[in-house]
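Structure at a glance
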Amino acid sequence: MNEQIAMEAFLPSKDGYVVAVVGATGAVGQTMLDILAERKFPVAELIPVASSRSAGSSVHFNGKDYVVQDLEVFNPEGVDIALFSAGGSTSKEHAPRFAEAGCYVVDNSSAWRMDEEIALVVPEVNPQALEMARYNRIIANPNCSTIQMVVALKPLHDVVPIERIVVSTYQAVSGAGGKAIEELAKQTSALLSGGKAEVNVFPARIAFNVIPQIDVFLESGYTKEEQKMMDETCKIMGAGIAVTATTVRVPVFYSHSESVNVTFSAPMGADKARDLLADADGICVVDDPVGEDYPLASEAAGTDFVWVGRIRDDDSCPNSLHLWVVADNVRKGAALNAVQIAEILIYQP
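Throughout this document, residue positions are counted from 1 along each chain, in the order its sequence is written. Reporting in this predicted model follows two pLDDT cut-offs: at least 70 for local features of residues, and 80 or more for side-chain atom pairs to be given and counted; totals over whole chains, interfaces and linings ignore these cut-offs and use all residues. Neither water nor hydrogens contribute to the side-chain values; these are computed over all heavy atoms in the structure.

Side note on the overall build of the protein
The test is simple: A run of H or I in DSSP becomes a helix once it reaches four residues, and a run of E becomes a strand once it reaches two; helices and strands are each numbered from the N terminus. Summary of the burial criterion: residues with accessible area below 20% of their type's maximum are buried, those above 50% are exposed, and those between are partly exposed, where the area comes from a 1.4 Å probe applied to protein chains only. In what follows, residue pairs with any heavy atoms lying within 4.5 Å of each other are defined as contacts. Accessible surface is estimated by sampling points in the Shrake-Rupley manner with a 1.4 Å probe; for residues, cover comes only from the protein chains shown. Think of it this way: Lys and Arg go in the positive column, Asp and Glu in the negative one, and His and the chain ends go nowhere. Think of each charge as sitting on NZ of Lys, CZ of Arg, CG of Asp or CD of Glu.
Along the protein, the regular secondary structure elements total nine helices and 15 strands. Judged by the C-alpha coordinates and their principal axes, the protein covers about 60 × 60 × 40 Å. By the burial criterion, 52% of the 349 residues in the protein qualify as buried. Put simply, 67% of the contacts in the protein that link residues at least 6 apart link residues at least 24 apart. Here the protein displays about 15,300 Å² of accessible surface, and carbon together with sulfur accounts for 49% of that area. Distance from the positive charge centre (26 side chains) to the negative charge centre (46 side chains) of the protein: 4 Å.

Listed below in structure tokens is the structure:
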């Protein structure tokens, strides 16, 4: 992918880079560390950073333990790239401080995504948007549910432009953090033991249930999560696409699943779409109705692909297709996307 990006280098070429992971003790931060190691990112010096609550603890990276630094007092001078996964308010306060010190910030929160001056990037989809970062050095990671959908749709959109997207998501509890994972586990155990499920994280019981609400409701009747998907998709793929979304929380620990209905400006066809997706970077097609083989959340968990299946023509609407799209929300939906952006920043044409 990177060799196809015609842009000047963001960072000077050297054997290794100083990389800070902000929010290093969280689930996404720890996964960022894992992926940096797995992909052999040239880290000359790793600096894990977190809130004062976690400062002084340690994280493991490439066979060594590193002491976590306190974000409030950490001096970012000399850091080349900072991967942020520490929440929107934290990012709003500290990302500009890192950027002013000369560091490129890749932020996983929602704080900067819809800022007109900030690049919102999925490397397989719109790497050219990174040019905006030369001026402010902050790059936004999209919502996890947005990332996997646009990765699946971009190869099709490049051939036949998309006019409308109708998406329903089935999102894992890990998207709401560690306490949400714990709540699902505890509720499941309690109910199977004949007990009562305590509800603290979600608006209703999540175990053995489906909740058609992620984040708060807006005046429009959409939730904030739905609005994020709609707005971010248009910013990444083009404002001319009409998008509507329904986001749903399901009792799955990892991997988001999506039912995506797409209307194109001209005929596409399931066979053509299947071939295009099979050749696309970052996508794995699993689509065998006869063998009852299709992407599953349980199988996508822990992997880096966007999995696509159930590809079929929508006979109720001209030029339309159905797709089933699944991806690990912590890996491709957050940590991997951030590391892929960092890889572009160090790429030398």
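Things to note about the sheet that holds strand S9 (residues 138–140)
Applied cut-off: The pairing criterion for strands is at least two bridges between them, as found by DSSP. Angles shown run from 0 to 180 degrees and are taken between the N-to-C directions of axes, each axis being a line fitted to C-alpha atoms and, for helices, limited to the stretch in contact.
Taken together, seven strands build an open sheet; the order of strands is S5-S2-S1-S6-S7-S9-S8 and the sheet is parallel. The sheet is open, and its two edges are formed by strand S5 (69–70) and strand S8 (119–120), each paired on a single side. Relative to strand S7 (residues 104–107), strand S6 (residues 81–84) runs parallel, the two being bridged by four bridges. Looking at S7, one finds that Phe84 is bridged to Asp107. Relative to the sheet, helix H2 (residues 88–100) contacts strand S1 (17–22), S6, S7 and S9, its axis offset from that of S6 by approximately 170 degrees.

Here we look at the packing of aromatic side chains
Under the convention used in this document: Centre distance within 6.5 Å is the pairing criterion for rings of Phe, Tyr and Trp, where only the six-membered ring of Trp is used; planes under 30 degrees apart are then read as stacked, over 60 as edge-to-face, and the remainder as tilted. In this scheme, the term charge over a ring applies when either NZ of a lysine or CZ of an arginine sits within 6 Å of the ring centre and within 35 degrees of the ring normal.
Per the counting criterion, the structure on display carries six aromatic pairs. Note on Tyr170 and Trp324: the rings are 5.7 Å apart at their centroids and 45 degrees apart in plane angle, and the pair reads as tilted. Of this pair, Tyr170 sits in strand S10 (residues 162–171) while Trp324 sits in strand S15 (residues 320–327); the two residues are 154 residues apart in sequence, bridging distant segments of the chain. Here Tyr170 falls in the partly exposed class, since its relative accessible area comes to 31%. For Trp324, a relative accessible area of 23% puts it in the partly exposed group. Aromatic rings pair up to connect Phe74, Phe84 and Phe98 into one cluster. Over the aromatic face of Trp112 sits the side chain of Lys92, whose NZ or CZ is 4.0 Å from the ring centroid.

Notes on the layout of surface pockets
Definition in use: Each cavity reported here is a set of points on a 1 Å grid over the protein atoms alone in which a 1.4 Å probe fits but cannot get out, each pocket an open set with protein on both sides within 12 Å along at least five of seven lines, and each lining residue one with an atom within 4 Å of a point. Grid points are joined across faces, edges and corners, and a volume is the space filled by probe spheres set on the points. When residue character is reported, Ala, Val, Leu, Ile, Met, Phe, Trp, Tyr, Cys and Pro are called nonpolar, Asp, Glu, Lys and Arg charged, and the others, Gly included, polar.
Put simply, the largest pocket is a space of about 1,400 Å³. Taken together, 49 residues line the largest pocket, and the ones lying closest to its centre are Ser85, Gly87, Gly175, Ala176 and Gly177. In terms of residue count, H2 provides more of the lining of the largest pocket than any other element does, four residues in total. Partitioning the lining of the largest pocket into residue classes produces 16 nonpolar, 24 polar and nine charged.

Side note on the side chain of Ser91
Checked against the element boundaries, Ser91 lands in helix H2. Ignoring sequence-local partners within four residues, the contact set of Ser91 consists of Phe84, Pro96, Asp107, Ser109, Ala111 and Trp112.

So, the pairing of strand S4 (residues 64–67)
Both strand S3 (residues 58–61) and S4 contribute to a ladder of four bridges, which runs antiparallel. Note on S4: the bridge partner recorded for Phe61 is Lys64. Here S3 folds back onto S4 in antiparallel fashion, the turn holding two residues, of which Asn62 has a positive phi close to 50 degrees.

Focus: the environment of Cys103
Within the secondary structure layout, Cys103 lies in the loop between H2 and S7. With 23 residues separating them along the chain, Cys103 and Asp80 place their C-alpha atoms 4.8 Å apart.

Digging into unusual backbone geometry
A positive phi angle is found at Asn62, which is not glycine, with a value near 50 degrees. Residue classification places Asn62 among the exposed residues on the basis of a relative accessible area of 55%. With a phi angle near 60 degrees, Asn319 is a residue other than glycine that sits in the positive phi range. Among the secondary structure elements, Asn319 is positioned in the loop between strand S14 (306–313) and S15. When its relative accessible area of 28% is taken as the criterion, Asn319 is described as partly exposed.

Coordinates in, geometry out; function isn't part of it.
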